[in-house]
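Summary of structural features
In case you want the letters, here they are:
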Amino acid sequence: MNKTNTNRRYTSLALLVFSFILVLTACNSGGNSVAKDTNSSAVNASRTNDSQVKDSDEGTQSPSDYPNAHLLADVSWVAEHLNDPAVVIIDARSKGYEEGHIPGAVSLSSGQLNDPDNEIAGFILPEDKYTEVVQNAGVNQDSTIVVYDDGNALSATRVFYTLEYYGLQDQVKVLNGGYAAWLTEGHDIDIDPAAPEKGNFVAKANENLVSTKAQVEQAIGTADVVFLDTRSAEEYEGTDLRENQRGGRLPGAVHKEWTTAVAENEEGLEKFLSYEQLKQQFEAIGVVEDKTVIPYCQTNVRGSHSYFSLRLLGYSDIRPYEGSWAEWGNSADTDIEI
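Structure report, in brief. Since the model is a prediction, treat every value here as computed from it, not as a measurement. (Residues numbered from 1 in each chain as written. Predicted model: local features only at pLDDT ≥ 70, side-chain atom pairs only at ≥ 80, totals over all residues. Heavy atoms only, no water.)

1. Regarding the overall build of the chain
Of regular secondary structure, the chain possesses 11 helices and 10 strands. The buried share of the chain, taken over its 338 residues, is 48%. For the chain, the proportion of contacts with a sequence separation of at least 24, taken over those separated by at least 6, is 74%. Summed over all atoms, the accessible surface of the chain reaches about 16400 Å², with 48% contributed by carbon and sulfur. (Helix = DSSP H or I, 4+ residues; strand = E, 2+ residues; numbered from the N terminus. Buried < 20%, exposed > 50% of the residue type's maximum accessible area, 1.4 Å probe, protein only. Contact = heavy atoms within 4.5 Å. Areas by Shrake-Rupley, 256 points an atom, 1.4 Å probe, with all protein chains shown as cover.)

Here is the structure:
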């Protein structure tokens, strides 16, 4: 036998022994770890949101942990889709756009979606007018939309709710941490306003995503419906009337202020709590998945924030009261609890 063949045999034997040692090491350290990693990768790959960001230990977590993870985008996802023609980025802030914004983002604040002709303050625009505003933002019927604000998502989730209500359910994402997160990660900004081509979006209201005053009246005392008051404790208790004719709450309403759904991480960014924490908060007050949940506030801005939180958790029957306290607290014929 020549030296070359002998060396090859020794090399093959060495590789075999090395592989055997690796197998033993894996077994001793917990052989299921490889299977767990494989299964975890398969689950994450099945998510519609391909963002994977690690947050601090301040109660926030990766978007992939939520049942409806595709509704929450991280900075990496937005950065990867800046030049994607199928993605529309909406800056929902009421001010600051001219000083800087995510490149390509269109300015569309939640206030621009309010109907000035409606006697109820803050009520959403009707279909035709809403269609025009959103088309001008470059939104098409098949667009994926990312909405952001300064960070706590209050304005972003209001825009999110209106887009889902008018037909784009599961096509809209909220940027976790908002513009502050974008800046913190050092990405470029733009000061020039976007000039999108007019989109072909046509608003079509989904009546299963809203509650009217009449429907709220019929639901009072119903066991399978829970009213979720997302206002401050003072508004809920009736001590802060906020210029309404009457203070108080819907009869039987439970209270969870919208602010409790987000928390600052170690970088000072406001991000959504983990799935487990949010779920525990809602279930502790009786807001459970097998009930119809009707969030409300003053003008359904804070209610929309809680709508988004519940959507993240996978709740399937959420019907915000669009008129909210602006309607209920200023009507002479409504029942009020204090």
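2. Description of the pattern of salt bridges
In this structure the tally under the stated criterion is 14 salt bridges. The salt bridge involving E164 is made with R311; its shortest N-O contact spans 2.9 Å. Pair noted here: E164 is in helix α5 (residues 154-168) and R311 is in helix α10 (residues 302-313), with a separation of 147 residues, a long-range link. We classify E164 as buried; its relative accessible area is 1%. E235 is paired through a salt bridge with R242; the nearest N and O atoms lie 3.5 Å apart. (Salt bridge = Lys/Arg side-chain N within 4 Å of Asp/Glu carboxyl O.)

3. A look at a negative patch on the surface
A contiguous patch of negative charge, built from E127, D128, E132 and E207, is present on the exposed surface. The exposure class of E132 is partly exposed, given its relative accessible area of 47%. (Patch = residues over 30% accessible without salt bridge, like charges linked within 9 Å, V, L, I, M, F, W, Y side chains within 5 Å. Lys, Arg positive; Asp, Glu negative; His and termini not counted. Charge placed at Lys NZ, Arg CZ, Asp CG, Glu CD.)

4. Some thoughts on the sheet that holds strand β5 (residues 172-175)
The strands making up a sheet associate through hydrogen bonds between their backbones, and the pairing can be parallel or antiparallel. One open sheet holds the 5 strands; their spatial order is β1-β5-β4-β2-β3, and the pairing between them is parallel. Looking at strand neighbours, the two that pair on one side only are β1 (72-73) and β3 (106-107), the edges of this open sheet. Looking at chain direction, β1 and β5 are connected through 2 bridges and run parallel. Bridged to L72 within β5 is V174. (Pairing = 2+ DSSP bridges.)

5. A look at helix α9 (residues 275-284)
Restricting attention to buried positions, one finds in α9 the residues L278, K279 and F282. Buried residues of α9 fall within an arc of 100° about the axis and therefore sit on the same side. Turned more than 90 degrees away from the buried face of α9 sit E276, Q280 and A284, all of them exposed. Elements in contact with the buried residues of α9: β6 (225-229) and α10. Backbone geometry just after α9 places G286 at a positive phi near 90°. (Arc of directions from axis to C-beta.)

6. Some points on α10
Here α10 spans 17 Å end to end across 12 residues, near enough to the 16 Å set by a 1.5 Å rise per residue. Burial of α10 is extensive: 12 of the 12 residues sit out of reach of the surface. Those residues of α10 lying buried are R302, G303, S304, H305, S306, Y307, F308, S309, L310, R311, L312 and L313. Immediately beyond the C-terminal end of α10, within one or two residues, lies G314, with a positive phi of roughly 95°. (Expected span 1.5 Å × (residues − 1).)

7. A short note on the sheet that holds β6
Taking strand neighbours across the sheet as the criterion, the 3 strands line up as β7-β6-β10 in an open arrangement whose pairing is parallel. A single partner strand is all that each edge strand has here, and the edge strands are β7 (254-255) and β10 (292-296). Bridge count for β6 against β7 is 2 bridges, and the pairing is parallel. When the bridges of β7 are listed, L228 appears paired with V254. Contacts from α10 reach β6 and β10, with the element oriented near 145° to β10. (Axes fitted to C-alpha atoms, helices over the stretch in contact; angles between N-to-C directions.)

8. Looking at the environment of T292
With respect to the secondary-structure elements, T292 resides in strand β10. Residues T292 and A223, 69 residues apart in the sequence, show an inter-C-alpha distance of 9.5 Å.

9. Remarks on the nonpolar core
Y130, I145, V147, L163 and V287 are the most contacted members of the largest nonpolar core, which has 51 residues in total. Elements with a minimum of two residues in this core: β2 (87-91), α4 (127-136), β4 (144-148), α5, β5, β6, α9 and α10. Top contributing element to this core by residue count: α5, with 8 residues. Apart from the residues within four sequence positions on either side, L163 is in contact with I90, Y130, V134, I145, V147, L168 and V172. Counting residues in each nonpolar core, the second largest holds 15 residues, with A73, V75, V87 and L269 among its members. (Core = buried A, V, L, I, M, F, W, Y, C linked by side-chain atoms within 4.5 Å.)

10. Focus: the pairing of β5
In β5, alternate side chains face the same way, and those of V172 and V174 on one face and K173 and L175 on the other are all buried. Pairing analysis gives 3 bridges linking β4 to β5, with the strands arranged parallel. Looking at β5, one finds that V147 is bridged to V174. Tracing the backbone out of β4, into α5 and back to the parallel element β5 gives a crossover that is right-handed. (Right-handed = clockwise from strand over helix to strand, strands pointing away.)

11. Considering the packing of α5 against α10
Viewed as axis vectors pointing N to C, α5 and α10 meet at an angle of 75°, and their least axial separation amounts to 8 Å. The angle between α5 and α10 falls in the class roughly perpendicular. Residues L154, T157, R158, F160, Y161 and E164 of α5 touch α10, and the partners they reach there are R302, S304, H305, Y307, F308 and R311. (Parallel < 35°, antiparallel > 145°, perpendicular 65-115°, else oblique.)

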